[in-house]
Amino acid sequence: MIEIRKYSSQAGYPEPRRVIRYTLFWCSQGSAEILIDENTFILKTGQTVTITSGQFHQLKSVEGELTALNFTLDFFCKSDSDIELIFHNGLFCHFGMNEMITVRHPAFFTETLNTIEKEIQEQPYQYLISIHSLVELLLVEINRSKIANGDEIWKPDALFLKFLESVRDHFKNNYQVSDFADLLGTTEAKLNEVSKLHTNKTAQNVIYSLTISEAKRLLMYEKLTVKEIAYKLGFNDPFYFSNFFKKHTSHSPKEYQKTVKEI
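The rules behind these values
- Residues numbered from 1 in each chain as written.
- Predicted model: local features only at pLDDT ≥ 70, side-chain atom pairs only at ≥ 80, totals over all residues.
- Heavy atoms only, no water.
- Helix = DSSP H or I, 4+ residues; strand = E, 2+ residues; numbered from the N terminus.
- Rg over C-alpha atoms; globule rule 2.2 N^0.38 Å.
- Contact = heavy atoms within 4.5 Å.
- Areas by Shrake-Rupley, 256 points an atom, 1.4 Å probe, with all protein chains shown as cover.
- Expected span 1.5 Å × (residues − 1).
- Buried < 20%, exposed > 50% of the residue type's maximum accessible area, 1.4 Å probe, protein only.
- Phe/Tyr/Trp six-rings, centres within 6.5 Å; stacked < 30°, edge-to-face > 60°.
- Lys NZ or Arg CZ within 6 Å of the ring centre and 35° of its normal.
- Core = buried A, V, L, I, M, F, W, Y, C linked by side-chain atoms within 4.5 Å.
- Polar contact = N/O pair within 3.5 Å; in protein donor to acceptor, adjacent residues only side chain to side chain.
- 1 Å grid on protein atoms, 1.4 Å probe; cavity = no way out; pocket = protein on both sides within 12 Å on 5 of 7 lines; lining within 4 Å.
- Points joined across faces, edges and corners; volume = space filled by probe spheres on them.
- Nonpolar A, V, L, I, M, F, W, Y, C, P; charged D, E, K, R; others polar.

Caption draft 1: Region of the structure containing the overall build of the chain. When you go through the chain residue by residue, the secondary structure sums to 11 helices and seven strands. Relative to the compact-globule value of 18 Å for 263 residues, the chain shows a C-alpha radius of gyration of 19 Å, a close match. Referenced to the eigenvectors of the C-alpha coordinate spread, the extents of the chain come out at roughly 50 × 45 × 35 Å. Considering only intrachain contacts with a sequence separation of at least 6, the fraction spanning at least 24 residues in the chain is 72%. Here the chain has roughly 13200 Å² of accessible surface; of this, 48% comes from carbon and sulfur atoms.

Caption draft 2: The arrangement of helix α4 (residues 127-148) in detail. In this model, α4 (22 residues) spans 31 Å end to end at C-alpha, consistent with the 32 Å of a helix rising 1.5 Å per residue. Taken together, the buried positions of α4 are Ile-131, His-132, Leu-134, Val-135, Leu-138, Leu-139, Glu-141, Ile-142, Asn-143, Ser-145 and Lys-146. Gly-150, located one to two residues past α4, shows a positive phi value of around 105 degrees.

Caption draft 3: Representation of the packing of aromatic side chains in the model. Counting across every chain of the model gives 16 aromatic pairs. Taking the ring centre of Tyr-13 as reference, the NZ or CZ of Arg-17 above it sits at 3.8 Å.

Caption draft 4: Molecular detail of the nonpolar core. Core analysis: the largest hydrophobic core is formed by 56 residues, its most contacted members being Leu-69, Phe-71 and Phe-163. Those residues in contact with Phe-71, other than ones at most four positions away along the chain, are Met-1, Ile-2, Arg-21, Tyr-22, Phe-76, Ile-86, Phe-92 and Val-135. With 15 residues, the next largest nonpolar core counts Tyr-7, Cys-27, Ile-34 and Leu-43 among its residues.

Caption draft 5: Inspection of the side chain of Asn-70 at higher detail. Relative to the elements of secondary structure, Asn-70 occurs in strand β6 (residues 56-71). Assessed through its relative accessible area of 7%, Asn-70 is described here as buried. At a separation of 2.6 Å, a polar atom in the side chain of Asn-70 contacts the side chain of Thr-23. Apart from residues no more than four positions distant in its own chain, Asn-70 is found in contact with Met-1, Ile-2, Glu-3, Arg-21, Tyr-22 and Thr-23.

Caption draft 6: A look at empty space enclosed by the protein. Overall, the coordinates contain one cavity of 30 Å³ or more when judged by the stated rule. Approximately 50 Å³ is the volume attributed to the largest cavity. Around the largest cavity sit Phe-87, Gly-90, Leu-91, Cys-93, His-94, Phe-95, Trp-154, Leu-161 and Leu-164, which together line it. When the residues that make up the lining of the largest cavity are grouped by side-chain class, the tally is seven nonpolar, two polar and no charged.

Shape is all these values report; function is a separate question.
Printed below as a string of structure tokens:
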């Protein structure tokens, strides 16, 4: 449900891995090199980066002190307000728009993570409630830091976030907007309304964007054929999938794989 790992001046993971948890990396001292999907980040002292569930990432090296906080959506999201907080201001972004954030109060951040680690280890009475509150404080501090750094406030509502989660959970089903509306107990019109409000895209185009992001991850890191990836994403015709991918990326799936390997 939730765990903390610490790294100190060492090599990281031998290869990229996919974890179905939400991950926060915090560099309290020195630097750390982290690959997230197709982008490499160099975290410096006092910086954090968040990784959404399902993204591939590789901790390449640590020269200093790095803490990783991992938790499941089920652990953190007990209410709509929890769902809105975890994705507030683009944190744990579904669209893979990861960013390094400089935290205003690094000592507070390190202390809070240490307290979470102690709660996990000792498991005192109602420790899960305590940990939930501490994670909330971390997310609030990140949001305050982003605003202090000049970022605009972006606050998506719970329905839109549940829609994004549902899309990611049902790629292979090839669901249409109407299917997601039925699943979420709402209407196509409402899904289009919240999608345009938060992304300036229709609900269908949001589905396309998430599908392309997932296709890129599978092409980069999974040992699957284009045909297997097409079926995994709900396409009955691999040729149609290739055309769909090229329309949205300007590259065929195989061209994309070759381009990524050359980077």
